[in-house]
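# Summary of structural features
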Amino acid sequence: MVRIAIQAMSERGLLPEFSPAVDRQLAGITATGDSADPAVHDLTALLWCSIDNDDSLDLDQLTVSEVLAHGSVRLWVAIADVDALVPRDSPIDQHASANTTSVYTSARIFPMLPERLSTDLTSLNAQQDRLAMVTEMVFNADASLAGQGALPAAAAAVPGMDAQLRTQDALAQQLRARRHTAGALEFESFQPRVVFDGERVSDIHLQEHNRARQLIEEVMIATNTCTARYLAGQGIASLRRVVRSPERWLRIVAVAKEYGEVLPPDPDSKALEDFLAKRRRADPLRFADLSLVIVKLMGRGEYVLETPGSLAVGHFGLAVTDYTHSTAPNRRFPDLITARLLKAALAHQPAPYSSAELDALATHCTRQEDAAQKVERQMRKSEAALLLESRIGQRFDAIVTGNAADGMWVRLLNPPAEGKLLRGLSALKVGDKVRVKLLATNVERGFIDFEAAP
């Protein structure tokens with residue numbers, strides 16, 4: 001699987017390995033940055049916390065909150081200062097700008113930055129002094145506290161962390177409610193990950209979208225919005241992350257009509273969100289497949305140049321007008337670009353990138369992100385084929401997920417793997433349940449073939 005992953009990276013124009021020049025630069029890095037700079041403030045006394053997967057090592061952000069008068073909340077978000085150790089156009093920066101993103105496969109992770117940086121010197125690890133860029137936000141309070149459940153052991157061991165996380169959760173749910181009122185869209189992505197038992201693929205799990213993920217997502221959206229507004233207010237050109245108003249809206253209208261729902265003739269994110277929420281409640285089993293259909297019709301996210309005074313494109317899916325990527329500089333190059341723009345603005349120095357350079361970088365980052373996603377999708381298919389290759393001839397319950405000129409596609413309910421239905425019922429339509437028999441797998445190409453079974 002590692003060999004297949006390396007080959008997939010190379011075929012998509014991504015660098016699977018770091019160069020000797022990167023290794024030489026890395027060997028010369030012996031500190032975490034200049035903490036003696038007068039612009040650096042010691043905020044280590046605050047009750048910072050990180051919300052991430054248990055196995056995450058590249059911690060890009062920390063959060064801490066404070067309840068103010070009349071119930072308003074001050075929120076600080078600290079973002080790792082990668083730029084302090086990775087100067088522009090250095091060998092490490094050149095590698096990062098080539099790939100523009102970390103690529104995650106179950107067999108191997110291809111980090112944008114060397115792991116000594118991304119998981120150590122620029123990672124906001126516990127009990128370590130690190131340089132960070134901190135965004136301070138104050139929110140008016142109009143939400144009540146909600147959410148139950150015991151704290152993880154690591155959080156419970158810190159005095160005051162219970163109240164800290166519950167304050168942040170209440171704020172996040174307030175932000176979430178406000179965005180959904182404005183028409184933010186909530187999808188359910190189908191992103192299976194294989195589980196290894198030593199060298200053997202033993203299972204496939206779907207990633208759960210839980211309350212903790214909602215918390216960190218809302219906080220990061222708020223931070224990215226504030227960053228975009230700050231740069232615009234300073235008259236500085238920047239990279240924006242956008243999802244345009246859907247050009248294929250009428251096709252989305254037609255999809256809704258298939259479910260007996262009527263959407264307005266012009267793009268309306270609130271109406272679309274109401275339709276999606278209704279379908280999630282009515283048929284949670286098939287909602288991930290409907291989500292994928294709508295996402296494809298909406299069009300991809302992309303990076304664009306925004307110049308001072310220009311009309312913001314906005315992010316249709318998030319229902320926000322001003323949005324950039326700034327919260328993950330260890331694994332996304334646009335975030336590192338934004339950090340450099342912010343540091344220049346704060347220091348009242350000229351922008352480190354011209355508008356022409358930012359425009360070219362926007363196109364490049366979008367293209368490389370697409371390539372990385374194709375590698376990850378290809379690997380998920382190969383991983384599923386590897387898991388199922390010993391189960392040829394077995395029967396499974398499945399759902400039809402696609403019916404096009406190139407064939408019919410089904411997704412198994414357990415394990416959650418997708419493949420092609422080569423033979424069987426021709427009258428099936430998307431959403432139908434079907435019993436299938438596994439005919440063949442091809443790990444190299446990620447093919448899984450089925451036929452309809454009694």
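To start, this report covers the structure provided alongside it. (Residues numbered from 1 in each chain as written. Predicted model: local features only at pLDDT ≥ 70, side-chain atom pairs only at ≥ 80, totals over all residues. Heavy atoms only, no water.)

### Overview of helix H1 (residues 2–11)
Rules: Each residue's exposure class comes from its accessible area (1.4 Å probe, protein chains only) as a fraction of the maximum for that residue type: buried when under 20%, exposed when over 50%, partly exposed otherwise. Working definition: helices are DSSP H or I runs of at least four residues, strands are E runs of at least two. Numbering for both runs from the N terminus. To be clear, the arc concerns the directions from the helix axis to the C-beta atoms. Any two residues whose heavy atoms approach within 4.5 Å are treated as being in contact.
Residues of H1 that are buried include every one of Ile4, Ala5, Ala8 and Met9, and no others. Looking straight down H1, one finds its buried side chains confined to an arc of 140°; they lie on one side. Residues Arg3 and Glu11 are exposed on H1 and point more than 90 degrees away from its buried face. Lining the buried residues of H1 we find helix H3 (91–99), strand E3 (103–104), strand E4 (109–110) and helix H12 (355–388). Of the residues one or two after H1, Gly13 is the one with positive phi, at around 80°.

### Considerations on the packing of aromatic side chains
Here is the rule we go by: Classification of ring pairs uses Phe, Tyr and Trp, with its six-membered ring standing for Trp, and accepts pairs whose centres are within 6.5 Å; under 30 degrees between planes counts as stacked, over 60 as edge-to-face, and the remaining range as tilted. For a lysine, the NZ atom is tested; for an arginine, the CZ atom; a charge sits over a ring if that atom is within 6 Å of the ring centre and within 35 degrees of the ring normal.
Throughout the structure, instances matching the rule amount to one aromatic pair. Over the aromatic face of Tyr303 sits the side chain of Arg241, whose NZ or CZ is 4.7 Å from the ring centroid.

### Regarding the nonpolar core
What counts is decided by this rule: In these notes, a set of buried Ala, Val, Leu, Ile, Met, Phe, Trp, Tyr and Cys residues joined through side-chain atoms within 4.5 Å is what counts as a nonpolar core.
Residues Ile29, Ile92, Leu117, Phe333, Ile337, Leu341 and Leu358 are the most contacted members of the largest nonpolar core, which totals 37 residues. Broken down by secondary-structure element, the contributors of at least two residues to this core are helix H2 (20–27), strand E1 (61–67), strand E2 (73–80), H3, helix H4 (115–121), helix H11 (333–346) and H12. The element best represented in this core is H11, accounting for seven residues. Residues in contact with Leu341, not counting those within four places in the same chain, are Leu231, Ile236, Ala237, Ser238, Ala351, Pro352, Tyr353 and Leu358. Ile4, Ala385, Leu388 and Phe450 belong to the second-largest nonpolar core, a separate cluster that totals 33 residues.

### A closer look at the sheet that holds strand E12 (residues 418–423)
Worth spelling out the cut-off: Pairing between two strands is assigned when DSSP locates at least 2 bridges connecting them. Here the axes come from fitting lines to C-alpha atoms, over the contacting stretch only for helices, and the angles between their N-to-C directions go from 0 to 180 degrees.
The mixed closed barrel is built from five strands, whose spatial order is E10-E11-E12-E14-E13. Within this sheet the neighbouring strands show an average axis-to-axis angle of 55°, counted without direction. With three bridges connecting them, E12 and strand E14 (residues 447–452) associate as parallel partners. Within the sheet, the bridge partner assigned to Lys420 lies in E14 and is Asp449. On the sheet, helix H10 (residues 284–298) packs against strand E10 (395–404), strand E11 (407–412) and strand E13 (433–442) and is oriented at approximately 35° with respect to E10.

### Regarding the sheet that holds E1
In space, the three strands of this open sheet follow the order E1-E2-E5, with antiparallel pairing throughout. One side of each edge strand has no neighbouring strand; the edge strands of this open sheet are E1 and strand E5 (132–139). Neighbour-to-neighbour, the strand axes of the sheet open up by a mean angle of 15°, direction not taken into account. With respect to the sheet, helix H7 (residues 211–233) is in contact with E1, E2 and E5, its orientation differing from that of E5 by roughly 95°.

### Here's the deal with the pattern of salt bridges
The test is simple: Counted as salt bridges are all cases of a side-chain nitrogen of Lys or Arg within 4 Å of a carboxyl oxygen of Asp or Glu.
With the rule as written, the count across this model stands at 30 salt bridges. Close ionic contact of Arg176 with Glu218 constitutes a salt bridge, the shortest N to O distance being 3.9 Å. A residue pair is termed long-range when its members are at least 10 positions apart, and Arg176 in helix H6 (residues 161–181) and Glu218 in helix H7 qualify at 42 residues. Neither residue differs from the other here; Arg176 and Glu218 are each classed as buried. The partner of Asp322 in a salt bridge is Arg229, with the nearest N and O atoms 3.5 Å apart. Residue Asp322 is found in the loop between strand E9 (302–306) and H11, and its partner Arg229 is found in helix H7; the two are separated by 93 residues along the sequence. Assessed through its relative accessible area of 18%, Asp322 is described here as buried.

By themselves, these are just geometric observations and shouldn't be taken as functional.
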